[in-house]
Amino acid sequence: MTEPEGRDDEAVEAAYAQALKLLVRREHSRRELARKLAERDHPRPAADAALDRLEAEGAQSDRRFAEEYARARFAKGFGPRRVEAELREHGVDGEGLRHAALERDEERRLAADQLAKRFGDAPPADIRERAKRTRYLQQRGFDPEVCAGLLRGGGNPEDETGF
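This is a predicted model, so every value here is computed, not measured.

(A) Looking closely at the confidence of the model for the chain. Residues at a pLDDT of 70 or more form 89% of the chain, whose mean pLDDT is 90. Predicted confidence for residues 1–6 stays below pLDDT 50, and this span has 1 contact to residues more than four positions away or in other chains.

(B) Spatial organisation of the packing of helix α6 (residues 104–119) against helix α7 (residues 127–139). For the pair α6 and α7, the least separation of the axes is 10 Å and the interaxial angle reads 125 degrees. Regarding the angle of α6 to α7, the classification is oblique. Classified by chirality, the crossing of α7 by α6 is right-handed. Taking contact as the criterion, the partners of A111, Q114, L115, R118 and F119 in α6 are, on α7, E129, K132, R133, Y136 and L137. Taken together, the residues that form the contact of α6 with α7 break down as 5 nonpolar, 1 polar and 4 charged.

(C) Summary view of the side chain of E32. Position of E32 relative to the elements: it lies in helix α2 (residues 30–39). Here S29 takes part through its backbone nitrogen, which lies 3.0 Å from a polar atom of the side chain of E32. In contact with E32, not counting residues within four places along its chain, are R26, E27, F65 and H90.

(D) Just helix α3 (residues 44–57), in detail. End to end, α3 covers 20 Å across 14 residues, agreeing with the expected 20 Å (1.5 Å per residue, within 8%). Taken as a whole, α3 has its buried residues at A46, A47, A50, L51 and L54. Axial view of α3: buried residues confined to an arc of 130 degrees, hence all on one face. The exposed set on the far side of α3, more than 90 degrees from its buried face, consists of R44, P45 and A56. Once α3 ends, the next one or two residues include G58, with phi positive near 85 degrees.

(E) Looking closely at the pattern of salt bridges. Overall, the coordinates contain 19 salt bridges when judged by the stated rule. R26 is paired through a salt bridge with E32; the nearest N and O atoms lie 2.9 Å apart. Here D52 ties to R30 by a salt bridge, and the two come within 2.7 Å at their closest N and O atoms. Pair noted here: D52 is in helix α3 and R30 is in helix α2, with a separation of 22 residues, a long-range link. Overall, D52 belongs to the partly exposed group, its relative accessible area being 45%.

(F) Highlighting the side chain of Q114. Mapped onto the elements of the fold, Q114 is located in helix α6. Accessibility expressed as a relative area gives 8% for Q114, which makes it buried. Contact partners of Q114, with chain neighbours within four places excluded, come to K76, G77, Y136, L137, R140 and F142.

(G) Up close: unusual backbone geometry. A positive phi is found at D41, a non-glycine position, where the angle reads about 65 degrees. Within the element layout of this structure, D41 appears in the loop between α2 and α3.

(H) Representation of the environment of R31. As for its placement among the helices and strands, R31 is situated in helix α2. Separated by 59 residues in sequence, R31 and H90 have C-alpha atoms that sit 6.2 Å apart. Among residues more than four places away in sequence, those in contact with R31 are R88, E89, H90 and G91.

(I) Seen up close, the nonpolar core. Core analysis: the biggest nonpolar cluster contains 23 residues, and V83, L87 and L137 have the highest contact counts within it. For this core, the secondary structure elements donating two or more residues are α4 (62–75), α5 (80–89), α6, α7 and α8 (144–152). Excluding residues within four positions of it along the chain, V83 makes contact with A70, R73, F74, F78 and A100. A15, L33, A47 and L54 belong to the second-largest nonpolar core, a separate cluster that totals 11 residues.

Definitions and cut-offs
- Residues numbered from 1 in each chain as written.
- Predicted model: local features only at pLDDT ≥ 70, side-chain atom pairs only at ≥ 80, totals over all residues.
- Heavy atoms only, no water.
- pLDDT = per-residue confidence, 0-100.
- Contact = heavy atoms within 4.5 Å.
- Axes fitted to C-alpha atoms, helices over the stretch in contact; angles between N-to-C directions.
- Helix = DSSP H or I, 4+ residues; strand = E, 2+ residues; numbered from the N terminus.
- Parallel < 35°, antiparallel > 145°, perpendicular 65-115°, else oblique.
- Left-handed = near helix turned anticlockwise from the far one by under 90°.
- Nonpolar A, V, L, I, M, F, W, Y, C, P; charged D, E, K, R; others polar.
- Polar contact = N/O pair within 3.5 Å; in protein donor to acceptor, adjacent residues only side chain to side chain.
- Expected span 1.5 Å × (residues − 1).
- Buried < 20%, exposed > 50% of the residue type's maximum accessible area, 1.4 Å probe, protein only.
- Arc of directions from axis to C-beta.
- Salt bridge = Lys/Arg side-chain N within 4 Å of Asp/Glu carboxyl O.
- Core = buried A, V, L, I, M, F, W, Y, C linked by side-chain atoms within 4.5 Å.

Rendered as structure tokens:
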């Protein structure tokens, strides 16, 4: 026996209201919202219908989420590779991933800022210190070529010797 029509509508409305409350606080990806609604015991069909409605109304957008998320992560000093991986974990793909991209000179400047913030302006004293700095930048999500070029240039993003 199937549930009466009114109950399905109530479940969709409840899921919609819950998702809207979550979106008021900050942007969420569709995958995040679906997970949070499931954690709050909203039936999957109701949650999917609510998310479809939010997307159609423009209240939820993976593109907008990706843009805001990438901007915040870059501001915290993370590189494009890490930001892209995190966006994928949030269920963003295709067009949304382009927000994780940086121009090469922007990436160099961001990596140089992180290097100076963590290690100061002095160049690496030896090969071990250089490897340590390279690992640090790569773990933050910077391209290996950017890391190597930056360290060859003494940490100066304007020095093109490594590029």
